[in-house]
Amino acid sequence: MSFEYTCNRRGRFMYYGWPAQQNTNIFDYFPPFFEQKQFDTVIEIGTSEGGFSHFIYDLSQEHDFKFWTYDIENKLRKTPPFDFRNKSAWDGEGYDEIVEGIANGGKTLLLVDGGNKIKEFNLYAPFLKEGDYIMTHDYAPDREYHKVLMRDQIWEWCENVQADLDIYENDLMPAVSWSQQFLNVAWSCWTKF
Ligand SMILES: C[S@@+](CC[C@H](N)C(=O)[O-])C[C@H]1O[C@@H](n2cnc3c(N)ncnc32)[C@H](O)[C@@H]1O
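Residues numbered from 1 in each chain as written. Predicted model: local features only at pLDDT ≥ 70, side-chain atom pairs only at ≥ 80, totals over all residues.

(A) Broad picture of the overall build of the chain. Looking only at helices and strands, one finds 6 helices and 12 strands in the chain. In terms of overall size, the chain behaves like a compact globule, its C-alpha atoms giving a radius of gyration of 15 Å where 193 residues would be expected to give roughly 16 Å. Dimensions of the chain, computed from the C-alpha atoms along their principal axes, are close to 40 × 40 × 30 Å. Here the chain holds 193 residues, and the buried ones make up 39% of them. Excluding contacts between residues fewer than 6 apart, the proportion of contacts in the chain whose partners are at least 24 apart in sequence is 60%. (Helix = DSSP H or I, 4+ residues; strand = E, 2+ residues; numbered from the N terminus. Rg over C-alpha atoms; globule rule 2.2 N^0.38 Å. Buried ≥ 20, exposed ≤ 12 C-beta atoms within 10 Å, placed from the backbone. Contact = placed C-beta atoms within 7 Å.)

(B) Structural view of the site of the ligand. Around the ligand, the surrounding shell holds 20 residues, and the nearest of these are Gln21, Gly46, Ser48, Phe52 and Gly115. Grouping the amino acids of the shell around the ligand by side-chain chemistry returns 7 nonpolar, 8 polar and 5 charged. (Near = placed C-beta within 6 Å. Nonpolar A, V, L, I, M, F, W, Y, C, P; charged D, E, K, R; others polar.)

(C) Layout of helix H2 (residues 51-63). Counted at 1.5 Å a residue, the expected span for H2 with its 13 residues is 18 Å, and the 18 Å between its end C-alpha atoms agrees. Listing the buried residues of H2 in full gives Gly51, Phe52, Ser53, His54, Phe55, Ile56, Tyr57 and Leu59. (Expected span 1.5 Å × (residues − 1).)

(D) Summary view of the pairing of strand S4 (residues 41-45). Counting buried residues along S4, 4 of its 5 residues qualify, which places the element largely inside the surrounding structure. Relative to strand S5 (residues 66-70), S4 is paired through 5 bridges, and the arrangement is parallel. Note that in S5 the partner of Thr41 across the bridge is Lys66. (Pairing = 2+ DSSP bridges.)

(E) Broad picture of the sheet that holds strand S8 (residues 133-136). Reading across the sheet, the 7 strands line up as S6-S5-S4-S7-S8-S12-S11 and stay open at both edges, with mixed pairing between neighbours. Looking at which strands have only one partner, the edges of the open sheet turn out to be strand S6 (83-85) and strand S11 (172-174). Strand-to-strand twist in this sheet, taken as the mean axis angle between neighbours without regard to direction, amounts to 20 degrees. In terms of strand pairing, S5 meets S6 through 3 bridges, oriented parallel. Bridge pairing in S6 places Tyr70 opposite Arg85. Together, S4, S5, S6 and strand S7 (108-112) form the strand contacts of helix H3 (residues 92-104), whose direction differs from that of S4 by roughly 155 degrees. (Axes fitted to C-alpha atoms, helices over the stretch in contact; angles between N-to-C directions.)

(F) Main features of the environment of Trp178. Within the secondary structure, Trp178 sits in helix H6 (residues 178-182). For the pair Trp178 and Met14, spaced 164 residues apart in sequence, the C-alpha separation works out to 25 Å. Setting aside residues up to four positions removed in sequence, Trp178 forms contacts with Phe33 and Cys189.

(G) Region of the structure containing the nonpolar core. Ranked by internal contacts, the top residues of the largest apolar core, which has 48 residues, are Val42, Leu111, Ile134 and Met135. A total of 5 residues in this core trace back to one element, the largest contributor, which is H2. Beyond its immediate sequence surroundings of up to four residues, Leu111 is in contact with Val42, Ile43, Glu44, Ile45 and Met135. (Core = buried A, V, L, I, M, F, W, Y, C linked by C-beta atoms within 7 Å.)

(H) Representation of unusual backbone geometry. The phi angle at Ser48 is positive, at roughly 50 degrees, despite the residue not being glycine. For Ser48, the location among the structural elements is in the loop between S4 and H2. Backbone geometry places Ala186, a non-glycine residue, at a positive phi of 65 degrees. Tracing the backbone through its elements, the reader meets Ala186 in the loop between H6 and strand S12 (190-192). Look at Ala186 and you get buried, because 24 C-beta atoms sit within 10 Å.

(I) Up close: the pairing of S5. Burial of S5 is extensive: 4 of the 5 residues sit out of reach of the surface. Note that the unit made of S4, H2 and S5 has a crossover that is right-handed. (Right-handed = clockwise from strand over helix to strand, strands pointing away.)

(J) Structural view of the environment of Ile45. With respect to the helices and strands, the residue Ile45 is situated in strand S4. Look at Ile45 and you get buried, because 27 C-beta atoms sit within 10 Å. For Ile45, the residues in contact, after removing those within four places along its chain, are Tyr70, Ala89, Leu111, Val112, Asp113, Gly114 and Glu120.

Next up, the structure:
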């Protein structure tokens, strides 16, 4: 599968005309990840302008998983092909749907890229089932790692580090090989044991 995109400014590019706030190297990591790991359900928190959601939606068509995405604001310029839910992922209906989605969605991946990654990770990590995955964007293992190895090279923003995340309390561990690879695009990757 090939993907059409154009770079327009640092940290943001157009995916088939939809803006995505990602490193363009995501195309090297997410497709092989979904090739290797079969998910039944993928839920994203933080749709923004929809480019990344569109990318994951395209992968959902190829790999046959259910995908939906939340944003408290609607920043989409046109009607999306994917299931966009214009509601908060922190409470109310959005919260109930995510908890239910994890409980009954089979093998689940939660993509955490909303307004507060630490809060979102720690809110939903307890509901993950054995074998489920959770990933956070704007991640670095620690601030020093970000300063030395990521800033000005991979990704400018660091909004969560390992010490912020309730890893041990929730029986999470770095996903073998993928956690290291996804650092190249500022995503963490954890799985529940
Ligand atoms: C960093 S942007 C997401 C970027 C997007 N995933 C991408 O790759 O292009 C974070 C988004 O989280 C949204 N957000 C903030 N609070 C939220 C909440 N309580 N529930 C859902 N989304 C929220 C913001 O409106 C914003 O669009």
